[in-house]
Amino acid sequence: MKFFLLIIASAAVCAAARAAPDADAFRAYADGDYEAAAANAAQLGGGENLALAARALNALAYLETDDKDARKIAARALEYAEAANEADPLLVEAQLQEAIALAQRGARMAPWRGFFLDLAGRAREALDAALDMDPGNAWALSSSAAWHLEVSRRGGEGRFDSDPDIGYQQFLAAREAAPGNLLIAYECALRLIAYDRSEWRSVALQSLDAALALSLENAFEAAVQDHARAFQRAIAAGREAERDFIEEQP
């Protein structure tokens, strides 16, 4: 009981101390100036701003085409996410950005190296922490879904307790929770089609259509919608073009 009361008290302290991310840093993020967003947010400090710095660099790494550069950017994002977690251990966004940074590093290196560094396992721990804090969080559900499907696809079902069926269900839940989220719609389409289960294809194609139809809120969404448009063209060109597109993605 004392432990439970300590958790409640800690949550109250963190909530009281938590402030929204800096408006100028968030505006730089929305405009696609990810380095400026990260620098401004990190300079101000605090859990929310450090998580925003990590988010900005994770966005930059996601869009980077060179694997080595993407790994370096994701490593910087990880540092900010870890600092955000230290500043506010109950901040879901910090756990999410830590998981995303770890997953991005793993996706951009040789599988044996990622296994040696336990990147997938560490990402799973951060995702589980985020889901424990907020089980219905659409971002947490989507990120966890992608983790289950990609770890299963690249390493085999059951690796690090990955389960593609859980991934599928989590994508459905994420789409239901945030039907207007462009990135979640695109990631749902990409990861389900990549896993190549025929019974999931119609859901994936519907998600891709949604990603193409949704209005844009920031520069990152515009870039993701460009990816979705290229994916649609690849699918129309046939399975070989579709597979080639998927293999080019992190």
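Every value quoted in this text rests on a predicted model; they were computed, and no experiment measured them. (Residues numbered from 1 in each chain as written. Predicted model: local features only at pLDDT ≥ 70, side-chain atom pairs only at ≥ 80, totals over all residues. Heavy atoms only, no water.)

Let's talk about the environment of P250
By secondary structure assignment, the location of P250 is in the segment after α14 (239–248). Remark: the alpha-carbon pair of P250 and L216, spanning 34 residues in sequence, is separated by 23 Å. In this structure, P250 is in contact with Y62, A107, R108, R154 and R191, ignoring residues within four places of it in sequence. (Helix = DSSP H or I, 4+ residues; strand = E, 2+ residues; numbered from the N terminus. Contact = heavy atoms within 4.5 Å.)

Overview of the pattern of salt bridges
A complete count under the given rule lists 15 salt bridges for this structure. R124 is paired through a salt bridge with D128; the nearest N and O atoms lie 3.0 Å apart. In this pair, R124 and D128 both sit in helix α8 (residues 119–133), four residues apart, roughly one turn of the helix. Note on R124: relative accessible area 10%, which makes it buried. Across the pair E242 and R239 runs a salt bridge, and its minimum N-O distance is 3.9 Å. In this pair, E242 and R239 are both assigned in helix α14, three residues apart and thus about one turn of the helix distant. Overall, the relative accessible area of 3% leaves E242 in the buried class. Since its relative accessible area comes to 42%, R239 is described here as partly exposed. A cluster of three or more residues bridged by salt bridges with shared partners is formed by E150, R153, R154, E187, R191 and E247. (Salt bridge = Lys/Arg side-chain N within 4 Å of Asp/Glu carboxyl O. Buried < 20%, exposed > 50% of the residue type's maximum accessible area, 1.4 Å probe, protein only.)

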